[in-house]
Amino acid sequence: MLKRLALIAGAVASVAFIRKKARQQQAEQDLWNQATDDVKAPAPAPAPSPAADQDLTAATS
């Protein structure tokens, strides 16, 4: 009976340890993703200037 209780206690402790470790890894990954968000975001395309549009319309007219 004592061996069975020790085995159950060990299993519960193992599960608690694994869950804690998984939460820590997820928190670290979330922090890393937050820190590198700007690096992953694509740069917006530059907007054409109004002067360039006028030059094109003058050339095609």
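Residues numbered from 1 in each chain as written. Predicted model: local features only at pLDDT ≥ 70, side-chain atom pairs only at ≥ 80, totals over all residues. Heavy atoms only, no water.

Engineer: When you look at the overall build of the protein chain in this model, what are you seeing that I'm missing?
Structural biologist: A count of helical and extended segments in the protein chain gives three helices and zero strands. Traced from its N-terminal end to its C-terminal end, the protein chain shows the element sequence α-α-α. When the accessible area of the protein chain is evaluated, it comes to approximately 6000 Å², of which 64% is carbon and sulfur surface. (Helix = DSSP H or I, 4+ residues; strand = E, 2+ residues; numbered from the N terminus. Areas by Shrake-Rupley, 256 points an atom, 1.4 Å probe, with all protein chains shown as cover.)

Engineer: Hey, could you run me through a nonpolar patch on the surface in this one?
Structural biologist: A cluster of nonpolar residues, Met1, Leu2 and Leu5, forms a patch on the protein surface that exposes about 410 Å² of accessible area. Counting through the fold element by element, Met1 comes out in the segment before α1 (2–35). (Patch = residues over 30% accessible without salt bridge, like charges linked within 9 Å, V, L, I, M, F, W, Y side chains within 5 Å. Salt bridge = Lys/Arg side-chain N within 4 Å of Asp/Glu carboxyl O.)

Engineer: Help me out: how do you make sense of a positive patch on the surface in this one?
Structural biologist: Taken together, Arg19, Lys20, Lys21 and Arg23 make up a surface patch of like positive charges. Inspection of the secondary structure assignment puts Arg19 in helix α1. (Lys, Arg positive; Asp, Glu negative; His and termini not counted. Charge placed at Lys NZ, Arg CZ, Asp CG, Glu CD.)

Engineer: Before we go on, may I ask you to explain the confidence of the model for the protein chain in this structure?
Structural biologist: Detailed reading of the predicted coordinates is not advisable wherever pLDDT is low. For the protein chain, per-residue confidence averages 82 on the pLDDT scale, and 69% of positions sit at 70 or higher. Within the protein chain, α1 carries the highest mean pLDDT (96), whereas helix α3 (residues 50–60) carries the lowest (59). (pLDDT = per-residue confidence, 0-100.)

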